[in-house]
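What follows is the residue order along each chain.
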Amino acid sequence: MKYPLHTVSKPVSGSEVEKLANAIKSGGYVANEAALALAKKIADRRHSQKAANAV
């Protein structure tokens, strides 16, 4: 994935700060459902490819 060189991070504020702080304190994470579903889909696909190549 390519990013332009002039990107600027935006500050975190409001309720997002609380979510991030709680995640850091508890050792957890902050993610949305779509991101979790995509990560699971990619992991499942890689696992099935490894299983097929092992045979």
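In the block above lies the structure referred to throughout.
This structure is a prediction, so every number in the text was calculated from the model and none was measured. (Residues numbered from 1 in each chain as written. Predicted model: local features only at pLDDT ≥ 70, side-chain atom pairs only at ≥ 80, totals over all residues. Heavy atoms only, no water.)

Undergrad: Honestly, the overall build of the chain in this entry has me stumped. Any pointers?
TA: The secondary structure content of the chain amounts to 2 helices and 0 strands. In summary, the chain has a C-alpha radius of gyration of 17 Å against a globular reference of 10 Å for 55 residues, an excess of more than 25%. By its C-alpha atoms, the chain is 50 × 35 × 15 Å across when sized along the principal axes. Within the chain, the proportion of its 55 residues that are buried is 2%. With an accessible surface of roughly 5,500 Å², the chain has 60% of that area assigned to carbon and sulfur atoms. (Helix = DSSP H or I, 4+ residues; strand = E, 2+ residues; numbered from the N terminus. Rg over C-alpha atoms; globule rule 2.2 N^0.38 Å. Buried < 20%, exposed > 50% of the residue type's maximum accessible area, 1.4 Å probe, protein only. Areas by Shrake-Rupley, 256 points an atom, 1.4 Å probe, with all protein chains shown as cover.)

Undergrad: I'm lost on the pattern of salt bridges in this one. Help?
TA: Close approach of charged atoms allows side chains of opposite charge to pair. In total, this model carries 2 salt bridges according to the counting rule given. Note that Asp 44 and Lys 40 form a salt bridge whose closest N and O atoms lie 3.0 Å from each other. Note that Asp 44 and Lys 40 are positioned in helix α2 (residues 33-54) at a spacing of 4 residues, about one turn of the helix. (Salt bridge = Lys/Arg side-chain N within 4 Å of Asp/Glu carboxyl O.)

Undergrad: How should I be thinking about helix α1 (residues 15-26) in this particular structure?
TA: Side chains of residues three or four places apart in an α-helix project in the same direction, reflecting 3.6 residues per turn. Taking 1.5 Å as the rise per residue, α1 with 12 residues should run 16 Å; its terminal C-alpha atoms sit 17 Å apart, in good agreement. Where α1 ends, the next residue or the one after it, Gly 27, has phi of about 75 degrees, a positive value. (Expected span 1.5 Å × (residues − 1).)

Undergrad: Can you walk me through the environment of Val 12 in this structure?
TA: Structurally, Val 12 is set in the segment before α1. Taking the C-alpha atoms as reference points, Val 12 and Val 55, 43 residues apart in sequence, are found 48 Å from one another. Non-local contacts of Val 12, meaning those with residues more than four positions away in its chain, are made with Val 17 and Leu 20. (Contact = heavy atoms within 4.5 Å.)

The values reported here are purely geometric and, on their own, carry no functional implication.
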